[in-house]
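Fold and contact review
The residues making up each chain are set out below.
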Amino acid sequence: MNNQIKDLETTINHLAKKGKGILAADESIGTITKRFEALGIPSTEDTRRAYREMLMTTPHLSDYVGGVILFEETLNQTTSTGQKFADLLKSNNILAGIKVDKGLIPLLNTKDEQSTQGLDGLDERLKEYKAKGASFAKWRAVYSITENTPSTFAIKMNASGLAQYAAICQANGIVPIVEPEILIDSDHTIERCAEVTEQVLHAVFHALYKHKVKLEYIILKPSMVINGKKCSAKATAEQVGKETVKILRRTVPAAVPTINFLSGGQSCEEATANLNAMNLLPGNPWNLSFSYARALQDYSMKTWKGDSKNVAAAQKIFLQRAHLNSLASTGKYTPALEKETSPA
Ligand code: 13P
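All of the points below concern the structure found in this document. (Residues numbered from 1 in each chain as written. Predicted model: local features only at pLDDT ≥ 70, side-chain atom pairs only at ≥ 80, totals over all residues. Heavy atoms only, no water.)

**A look at unusual backbone geometry**
For the record, the criterion: The numbering of helices and of strands both runs from the N terminus, where a helix is a DSSP run of H or I of at least 4 residues and a strand a run of E of at least 2.
In the segment running from Thr149 into Pro150, the intervening peptide bond is cis, with an omega of 0°. Within the secondary structure, Pro150 sits in the loop between β6 (134–143) and α7 (152–171). Residue Asn109 is not a glycine yet carries a positive backbone phi of 65°.

Structure follows, in C-alpha coordinates:
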(Lines give C-alpha, C1' and ligand atoms only; values in the text may rest on other atoms or scores of the structure.)
Protein backbone atom coordinates (compact mmCIF):
# COMPACT_ATOMS: atom_id res chain seq x y z
CA MET A 1 0.00 0.00 0.00
CA ASN A 2 1.49 3.37 -0.89
CA ASN A 3 1.69 6.21 1.62
CA GLN A 4 -1.12 8.22 0.04
CA ILE A 5 -3.54 5.32 0.35
CA LYS A 6 -2.44 4.72 3.95
CA ASP A 7 -3.12 8.37 4.76
CA LEU A 8 -6.51 8.27 3.03
CA GLU A 9 -7.47 5.14 4.93
CA THR A 10 -6.43 6.50 8.33
CA THR A 11 -8.33 9.74 7.73
CA ILE A 12 -11.53 8.18 6.42
CA ASN A 13 -11.61 5.61 9.23
CA HIS A 14 -11.47 8.45 11.72
CA LEU A 15 -14.07 10.66 10.04
CA ALA A 16 -16.58 7.90 9.21
CA LYS A 17 -16.89 6.62 12.78
CA LYS A 18 -20.48 6.01 13.82
CA GLY A 19 -21.82 8.80 16.01
CA LYS A 20 -19.22 11.34 14.87
CA GLY A 21 -19.72 14.27 12.53
CA ILE A 22 -17.78 17.20 11.12
CA LEU A 23 -17.90 20.84 12.17
CA ALA A 24 -17.73 23.20 9.20
CA ALA A 25 -15.94 26.27 10.56
CA ASP A 26 -14.59 27.30 7.16
CA GLU A 27 -16.72 30.35 6.44
CA SER A 28 -14.88 32.73 4.15
CA ILE A 29 -14.04 36.15 5.60
CA GLY A 30 -17.04 37.61 3.73
CA THR A 31 -19.48 35.01 5.07
CA ILE A 32 -18.39 35.12 8.70
CA THR A 33 -18.33 38.91 8.60
CA LYS A 34 -21.99 38.90 7.53
CA ARG A 35 -22.88 36.51 10.36
CA PHE A 36 -20.92 38.51 12.94
CA GLU A 37 -22.36 41.84 11.77
CA ALA A 38 -25.91 40.51 12.06
CA LEU A 39 -25.15 40.06 15.77
CA GLY A 40 -23.20 43.30 16.19
CA ILE A 41 -19.86 41.50 16.52
CA PRO A 42 -16.95 43.25 14.75
CA SER A 43 -15.16 41.01 12.25
CA THR A 44 -11.39 41.28 12.61
CA GLU A 45 -8.63 38.73 12.28
CA ASP A 46 -8.61 38.52 16.05
CA THR A 47 -12.37 38.22 16.67
CA ARG A 48 -12.54 35.48 14.05
CA ARG A 49 -9.65 33.71 15.77
CA ALA A 50 -11.21 34.11 19.22
CA TYR A 51 -14.56 32.79 18.00
CA ARG A 52 -13.04 29.73 16.40
CA GLU A 53 -10.85 29.14 19.44
CA MET A 54 -14.03 29.15 21.53
CA LEU A 55 -15.54 26.47 19.29
CA MET A 56 -12.46 24.30 19.04
CA THR A 57 -11.49 24.35 22.72
CA THR A 58 -14.94 23.10 23.74
CA PRO A 59 -14.34 20.32 26.28
CA HIS A 60 -15.46 16.85 25.09
CA LEU A 61 -16.04 18.02 21.51
CA SER A 62 -14.28 14.90 20.22
CA ASP A 63 -17.08 12.75 21.66
CA TYR A 64 -19.26 13.95 18.78
CA VAL A 65 -16.99 15.58 16.21
CA GLY A 66 -14.18 13.80 14.36
CA GLY A 67 -13.05 16.65 12.12
CA VAL A 68 -13.21 20.43 11.72
CA ILE A 69 -13.04 22.17 8.35
CA LEU A 70 -10.96 25.33 8.65
CA PHE A 71 -10.65 28.40 6.47
CA GLU A 72 -7.06 29.09 5.39
CA GLU A 73 -6.84 32.09 7.73
CA THR A 74 -7.48 29.83 10.74
CA LEU A 75 -4.99 27.17 9.63
CA ASN A 76 -2.33 29.88 9.73
CA GLN A 77 -3.40 31.33 13.08
CA THR A 78 -2.49 30.32 16.62
CA THR A 79 -4.70 30.16 19.71
CA SER A 80 -4.34 32.63 22.58
CA THR A 81 -1.83 30.22 24.12
CA GLY A 82 0.26 30.14 20.93
CA GLN A 83 -0.80 26.74 19.61
CA LYS A 84 -1.52 26.13 15.92
CA PHE A 85 -5.19 25.24 15.43
CA ALA A 86 -4.32 22.00 13.64
CA ASP A 87 -2.16 20.98 16.64
CA LEU A 88 -4.88 21.89 19.10
CA LEU A 89 -7.35 19.71 17.21
CA LYS A 90 -4.90 16.84 16.92
CA SER A 91 -4.22 16.90 20.66
CA ASN A 92 -7.97 16.43 21.13
CA ASN A 93 -8.21 13.54 18.65
CA ILE A 94 -9.91 15.71 16.00
CA LEU A 95 -8.65 16.01 12.43
CA ALA A 96 -8.13 19.35 10.70
CA GLY A 97 -9.59 19.89 7.24
CA ILE A 98 -9.29 22.84 4.91
CA LYS A 99 -11.60 24.59 2.47
CA VAL A 100 -9.60 24.69 -0.75
CA ASP A 101 -12.00 26.11 -3.32
CA LYS A 102 -11.63 29.81 -4.08
CA GLY A 103 -15.33 30.56 -4.19
CA LEU A 104 -17.93 31.04 -6.90
CA ILE A 105 -17.66 32.80 -10.24
CA PRO A 106 -20.36 33.39 -12.87
CA LEU A 107 -20.71 30.63 -15.40
CA LEU A 108 -20.74 32.91 -18.41
CA ASN A 109 -23.57 32.78 -20.93
CA THR A 110 -25.89 30.92 -18.56
CA LYS A 111 -28.92 32.23 -16.66
CA ASP A 112 -26.96 33.47 -13.62
CA GLU A 113 -25.47 30.08 -12.86
CA GLN A 114 -22.14 29.69 -11.10
CA SER A 115 -19.10 27.50 -11.06
CA THR A 116 -16.36 27.09 -8.48
CA GLN A 117 -12.79 28.26 -8.98
CA GLY A 118 -9.55 27.13 -7.39
CA LEU A 119 -8.04 24.30 -9.44
CA ASP A 120 -5.01 26.32 -10.56
CA GLY A 121 -2.13 25.63 -8.20
CA LEU A 122 -4.28 23.30 -6.08
CA ASP A 123 -1.66 20.54 -6.02
CA GLU A 124 0.95 22.87 -4.52
CA ARG A 125 -1.50 24.35 -2.05
CA LEU A 126 -2.53 20.87 -0.86
CA LYS A 127 1.10 19.97 -0.20
CA GLU A 128 1.43 23.13 1.89
CA TYR A 129 -1.83 22.49 3.80
CA LYS A 130 -0.82 18.90 4.48
CA ALA A 131 2.51 20.05 5.88
CA LYS A 132 0.53 22.40 8.14
CA GLY A 133 -1.56 19.52 9.49
CA ALA A 134 -4.63 19.23 7.24
CA SER A 135 -5.71 15.71 6.34
CA PHE A 136 -8.92 16.39 4.47
CA ALA A 137 -10.29 19.12 2.22
CA LYS A 138 -13.53 20.64 1.00
CA TRP A 139 -14.75 21.99 -2.35
CA ARG A 140 -18.27 23.38 -2.73
CA ALA A 141 -20.27 23.59 -5.94
CA VAL A 142 -23.60 25.44 -5.92
CA TYR A 143 -26.81 24.94 -7.89
CA SER A 144 -29.93 27.13 -7.86
CA ILE A 145 -33.35 25.74 -8.63
CA THR A 146 -35.51 27.84 -10.95
CA GLU A 147 -37.76 26.86 -13.83
CA ASN A 148 -34.72 26.65 -16.13
CA THR A 149 -31.89 25.82 -13.79
CA PRO A 150 -29.72 24.06 -13.02
CA SER A 151 -28.89 23.59 -16.68
CA THR A 152 -27.29 20.38 -17.89
CA PHE A 153 -24.26 22.52 -18.76
CA ALA A 154 -23.88 23.85 -15.19
CA ILE A 155 -24.42 20.36 -13.79
CA LYS A 156 -21.69 18.97 -16.03
CA MET A 157 -19.19 21.79 -15.42
CA ASN A 158 -19.56 21.62 -11.66
CA ALA A 159 -19.36 17.82 -11.60
CA SER A 160 -16.13 18.03 -13.55
CA GLY A 161 -14.67 20.60 -11.13
CA LEU A 162 -15.56 18.46 -8.11
CA ALA A 163 -14.03 15.36 -9.69
CA GLN A 164 -10.79 17.11 -10.74
CA TYR A 165 -10.42 18.51 -7.22
CA ALA A 166 -11.11 15.09 -5.65
CA ALA A 167 -8.51 13.38 -7.84
CA ILE A 168 -5.84 15.98 -6.93
CA CYS A 169 -6.66 15.59 -3.23
CA GLN A 170 -6.34 11.81 -3.31
CA ALA A 171 -3.03 12.01 -5.18
CA ASN A 172 -1.80 13.97 -2.15
CA GLY A 173 -3.24 11.59 0.44
CA ILE A 174 -5.93 14.13 1.38
CA VAL A 175 -9.54 12.92 1.73
CA PRO A 176 -11.80 15.13 -0.41
CA ILE A 177 -15.18 16.30 0.84
CA VAL A 178 -17.24 16.51 -2.33
CA GLU A 179 -19.93 19.13 -1.75
CA PRO A 180 -22.64 19.70 -4.34
CA GLU A 181 -25.06 22.13 -2.66
CA ILE A 182 -28.52 22.67 -4.08
CA LEU A 183 -29.70 25.94 -2.55
CA ILE A 184 -33.00 25.99 -0.67
CA ASP A 185 -33.77 29.70 -0.93
CA SER A 186 -36.39 29.47 -3.69
CA ASP A 187 -40.00 28.23 -3.79
CA HIS A 188 -39.43 24.74 -5.21
CA THR A 189 -41.30 21.70 -3.96
CA ILE A 190 -39.61 18.70 -2.39
CA GLU A 191 -40.44 16.74 -5.56
CA ARG A 192 -38.57 19.24 -7.74
CA CYS A 193 -35.64 19.15 -5.31
CA ALA A 194 -35.60 15.35 -5.58
CA GLU A 195 -35.50 15.55 -9.38
CA VAL A 196 -32.63 18.07 -9.40
CA THR A 197 -30.68 16.25 -6.67
CA GLU A 198 -30.87 13.03 -8.68
CA GLN A 199 -29.53 14.76 -11.80
CA VAL A 200 -26.74 16.50 -9.89
CA LEU A 201 -25.57 13.44 -7.95
CA HIS A 202 -25.75 11.25 -11.03
CA ALA A 203 -23.46 13.68 -12.87
CA VAL A 204 -21.09 14.01 -9.89
CA PHE A 205 -20.60 10.24 -9.58
CA HIS A 206 -20.19 9.88 -13.33
CA ALA A 207 -17.43 12.50 -13.25
CA LEU A 208 -15.79 10.91 -10.19
CA TYR A 209 -15.75 7.62 -12.08
CA LYS A 210 -14.24 9.22 -15.20
CA HIS A 211 -11.50 10.78 -13.08
CA LYS A 212 -10.84 7.42 -11.35
CA VAL A 213 -11.51 8.86 -7.92
CA LYS A 214 -11.47 6.12 -5.29
CA LEU A 215 -14.94 6.27 -3.81
CA GLU A 216 -13.79 4.45 -0.68
CA TYR A 217 -11.85 7.57 0.28
CA ILE A 218 -14.28 10.41 -0.28
CA ILE A 219 -16.88 12.09 1.88
CA LEU A 220 -20.03 13.20 0.09
CA LYS A 221 -21.48 16.40 1.53
CA PRO A 222 -24.85 16.94 -0.11
CA SER A 223 -27.84 19.09 0.66
CA MET A 224 -30.95 17.28 1.82
CA VAL A 225 -33.91 16.71 -0.45
CA ILE A 226 -36.29 19.32 0.92
CA ASN A 227 -38.75 22.00 -0.20
CA GLY A 228 -37.43 25.51 -0.88
CA LYS A 229 -37.86 28.03 1.95
CA LYS A 230 -40.45 29.98 -0.04
CA CYS A 231 -42.56 26.91 -0.89
CA SER A 232 -45.95 26.86 0.83
CA ALA A 233 -45.87 23.08 1.30
CA LYS A 234 -43.45 22.31 4.09
CA ALA A 235 -42.11 18.76 4.15
CA THR A 236 -42.02 16.85 7.42
CA ALA A 237 -38.83 15.28 8.74
CA GLU A 238 -40.17 11.87 7.71
CA GLN A 239 -40.66 13.10 4.13
CA VAL A 240 -37.23 14.73 3.98
CA GLY A 241 -35.63 11.57 5.37
CA LYS A 242 -37.46 9.29 2.98
CA GLU A 243 -36.94 11.40 -0.17
CA THR A 244 -33.28 12.08 0.60
CA VAL A 245 -32.48 8.43 1.20
CA LYS A 246 -34.43 7.43 -1.91
CA ILE A 247 -32.34 9.72 -4.13
CA LEU A 248 -29.08 8.74 -2.43
CA ARG A 249 -29.85 5.06 -3.02
CA ARG A 250 -30.37 5.75 -6.70
CA THR A 251 -27.18 7.70 -7.17
CA VAL A 252 -24.50 7.07 -4.52
CA PRO A 253 -22.53 3.81 -4.70
CA ALA A 254 -22.27 1.77 -1.50
CA ALA A 255 -18.47 2.14 -1.74
CA VAL A 256 -18.81 5.68 -0.35
CA PRO A 257 -18.23 5.23 3.39
CA THR A 258 -19.91 8.32 4.75
CA ILE A 259 -22.32 11.05 3.72
CA ASN A 260 -22.12 14.17 5.86
CA PHE A 261 -24.84 16.69 5.11
CA LEU A 262 -24.67 20.46 5.04
CA SER A 263 -27.48 22.32 6.82
CA GLY A 264 -28.03 24.92 4.10
CA GLY A 265 -30.09 27.42 6.09
CA GLN A 266 -32.41 24.96 7.82
CA SER A 267 -33.03 25.75 11.48
CA CYS A 268 -30.87 23.88 13.97
CA GLU A 269 -33.81 21.74 15.06
CA GLU A 270 -34.88 20.89 11.49
CA ALA A 271 -31.38 19.87 10.43
CA THR A 272 -31.14 17.54 13.42
CA ALA A 273 -34.64 16.05 13.04
CA ASN A 274 -34.16 15.49 9.30
CA LEU A 275 -30.85 13.69 9.80
CA ASN A 276 -32.43 11.55 12.49
CA ALA A 277 -35.32 10.61 10.18
CA MET A 278 -32.84 9.27 7.60
CA ASN A 279 -31.13 7.16 10.22
CA LEU A 280 -34.43 5.57 11.25
CA LEU A 281 -34.70 4.01 7.79
CA PRO A 282 -33.21 0.51 7.63
CA GLY A 283 -30.56 -0.79 5.27
CA ASN A 284 -28.49 2.30 4.43
CA PRO A 285 -25.09 1.20 3.12
CA TRP A 286 -23.32 4.43 4.17
CA ASN A 287 -22.82 6.26 7.45
CA LEU A 288 -25.22 9.25 7.43
CA SER A 289 -23.96 12.12 9.54
CA PHE A 290 -23.46 15.88 9.60
CA SER A 291 -20.98 18.49 8.43
CA TYR A 292 -22.96 21.54 9.51
CA ALA A 293 -21.85 25.12 9.90
CA ARG A 294 -24.94 27.14 10.81
CA ALA A 295 -26.95 24.31 12.38
CA LEU A 296 -24.10 23.65 14.81
CA GLN A 297 -22.93 27.20 15.40
CA ASP A 298 -25.95 29.51 15.32
CA TYR A 299 -26.97 29.38 18.99
CA SER A 300 -23.40 29.32 20.13
CA MET A 301 -22.43 32.42 18.11
CA LYS A 302 -25.48 34.27 19.47
CA THR A 303 -24.49 33.34 23.03
CA TRP A 304 -20.81 34.25 22.58
CA LYS A 305 -21.53 37.75 21.18
CA GLY A 306 -17.83 38.49 20.87
CA ASP A 307 -17.34 38.61 24.65
CA SER A 308 -14.84 36.33 26.41
CA LYS A 309 -17.12 36.27 29.46
CA ASN A 310 -19.58 34.20 27.42
CA VAL A 311 -17.14 31.51 26.29
CA ALA A 312 -18.25 28.81 28.73
CA ALA A 313 -21.97 29.37 28.03
CA ALA A 314 -21.38 29.40 24.26
CA GLN A 315 -19.34 26.19 24.47
CA LYS A 316 -22.07 24.50 26.49
CA ILE A 317 -24.69 25.28 23.85
CA PHE A 318 -22.34 24.28 21.04
CA LEU A 319 -21.57 20.93 22.69
CA GLN A 320 -25.28 20.26 23.21
CA ARG A 321 -25.95 20.84 19.52
CA ALA A 322 -23.06 18.54 18.57
CA HIS A 323 -24.43 15.92 20.96
CA LEU A 324 -27.96 16.11 19.51
CA ASN A 325 -26.61 15.75 15.98
CA SER A 326 -24.46 12.83 17.07
CA LEU A 327 -27.63 11.20 18.41
CA ALA A 328 -29.37 11.97 15.09
CA SER A 329 -26.54 10.26 13.23
CA THR A 330 -27.56 7.03 14.97
CA GLY A 331 -31.34 7.62 14.91
CA LYS A 332 -31.52 8.28 18.66
CA TYR A 333 -32.65 11.91 18.65
CA THR A 334 -36.10 13.03 19.73
CA PRO A 335 -37.42 16.63 19.63
CA ALA A 336 -38.19 16.31 23.36
CA LEU A 337 -34.42 16.53 23.97
CA GLU A 338 -34.47 20.11 22.62
CA LYS A 339 -36.15 21.43 25.77
CA GLU A 340 -32.98 20.95 27.73
CA THR A 341 -30.76 22.57 25.12
CA SER A 342 -32.10 25.77 23.58
CA PRO A 343 -30.18 28.94 24.41
CA ALA A 344 -31.21 31.21 27.25
P1 13P B 1 -24.18 25.11 6.42
O2 13P B 1 -24.35 23.88 7.28
O3 13P B 1 -24.38 26.39 7.16
O4 13P B 1 -24.97 25.01 5.16
O5 13P B 1 -22.68 25.15 5.98
C6 13P B 1 -22.07 24.01 5.53
C7 13P B 1 -20.99 24.36 4.62
O8 13P B 1 -19.88 23.94 4.77
C9 13P B 1 -21.32 25.23 3.48
O10 13P B 1 -20.33 25.08 2.51
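**Overview of the site of the ligand**
For clarity, the threshold we go by: Put simply, a residue is near a molecule or strand once any heavy atom of it comes within 4 Å of that molecule or strand. Counted as a polar contact is a pair of N or O atoms within 3.5 Å, where, for protein atoms, one must be capable of donating a hydrogen and the other of accepting one, and residues adjacent in sequence contribute only when both atoms are in side chains. Accessible surface is estimated by sampling points in the Shrake-Rupley manner with a 1.4 Å probe; for residues, cover comes only from the protein chains shown. All residues other than Ala, Val, Leu, Ile, Met, Phe, Trp, Tyr, Cys, Pro, Asp, Glu, Lys and Arg, Gly among them, are scored as polar; the first ten of these are nonpolar and the last four charged.
By nearness alone, 13 residues border the ligand, and Lys138, Lys221, Ser263, Gly264 and Arg294 come closest of all. A distance of 2.7 Å is found between an oxygen atom of the ligand and a side-chain nitrogen or oxygen belonging to Lys221. Here an oxygen atom of the ligand sits 2.6 Å away from a polar atom, N or O, in the main chain of Gly264. For the ligand, whose unbound accessible area comes to 300 Å², protein coverage reaches 93%. The residue inventory of the shell around the ligand, partitioned by class, reads 4 nonpolar, 3 polar and 6 charged.

**Some words on the pairing of strand β1 (residues 21–25)**
Regular strands place side chains that alternate from one sheet face to the opposite one. Put simply, the rule reads: Only protein chains enter the accessibility calculation, which uses a 1.4 Å probe; a residue is then buried when its area is under 20% of its type maximum, exposed when over 50%, and partly exposed in between. Any two strands with at least two DSSP-identified bridges between them are counted as paired.
Burial analysis of β1 places 5 of its 5 residues in the buried class, the great majority of the element. As paired elements, β1 and strand β2 (residues 65–70) share 5 bridges and run parallel to each other. Among the inter-strand pairings, Gly21 is bridged to a residue of β2, identified as Val65.

**What about empty space enclosed by the protein?**
For clarity, the cut-off: Grid spacing is 1 Å over the protein atoms alone, the probe is 1.4 Å, and a cavity is where that probe fits but cannot get out, while a pocket is an open set with protein on both sides within 12 Å along at least five of seven lines and lining residues have an atom within 4 Å of a point. Grid points are joined across faces, edges and corners, and a volume is the space filled by probe spheres set on the points.
Going through the model one piece at a time under the given rule, you end up with 2 cavities of 30 Å³ or more. In this structure, the largest cavity occupies an estimated 40 Å³ of space. If you go around the largest cavity, the residues you meet are Glu181, Ile182, Ile184, Ser223, Met224, Ile226, Leu262, Ser263, Gly264 and Gln266. Looking at the lining of the largest cavity, its residues break down into 5 nonpolar, 4 polar and 1 charged. Space inside the second largest cavity adds up to approximately 40 Å³. The wall of the second largest cavity is formed by Glu27, Arg35, Ala293, Arg294, Gln297, Asp298 and Met301. At 4 residues, helix α11 (residues 294–304) tops the list of elements feeding residues into the lining of the second largest cavity. Class assignment for the residues of the lining of the second largest cavity results in 2 nonpolar, 1 polar and 4 charged.

**Topic: the side chain of Asn172**
Put simply, the rule is: Contacts between residues were defined by any pair of non-hydrogen atoms, one from each residue, lying within 4.5 Å.
Relative to the helices and strands, Asn172 is located in the loop between α7 and β7 (175–182). The buried category is assigned to Asn172, whose relative accessible area is 7%. Side chain to side chain, Asn172 and Asp123 meet in a polar contact 2.9 Å long. Here the side chain of Asn172 touches Lys127 through a polar contact of 2.8 Å, side chain to side chain. If near-sequence neighbours (up to four positions away) are discounted, Asn172 is found in contact with Gln4, Asp123, Leu126, Lys127 and Lys130.

**Some remarks on the layout of surface pockets**
Roughly 730 Å³ of internal volume is contained in the largest pocket. Lining the largest pocket are 34 residues, with Thr31, Arg35, Lys138, Arg140 and Glu181 positioned closest to its centre. Elements with a minimum of two residues in the lining of the largest pocket: α2 (29–38), α6 (122–131), β6 and β7. Ranked by residue count, the leading element in the lining of the largest pocket is α2, at 4 residues.

**Looking at the packing of aromatic side chains**
Applied cut-off: Working definition: a ring pair exists when centres of Phe, Tyr or Trp rings (six-membered ring for Trp) sit within 6.5 Å. Plane angles under 30 degrees give stacked, over 60 give edge-to-face, the rest tilted.
Under the counting rule described, the total for this entry stands at 5 aromatic pairs. Their ring planes at 40° and their centres at 5.8 Å tell us that Phe36 and Trp304 sit as a pair that is tilted. In this pair, Phe36 sits in helix α2 while Trp304 sits in helix α11, placing the two residues 268 residues apart along the sequence. Look at Phe36 and you get buried, because its relative accessible area is 0%. One aromatic cluster is present, built from ring pairs that chain together Phe36, Tyr51 and Trp304.

The values reported here are purely geometric and, on their own, carry no functional implication.
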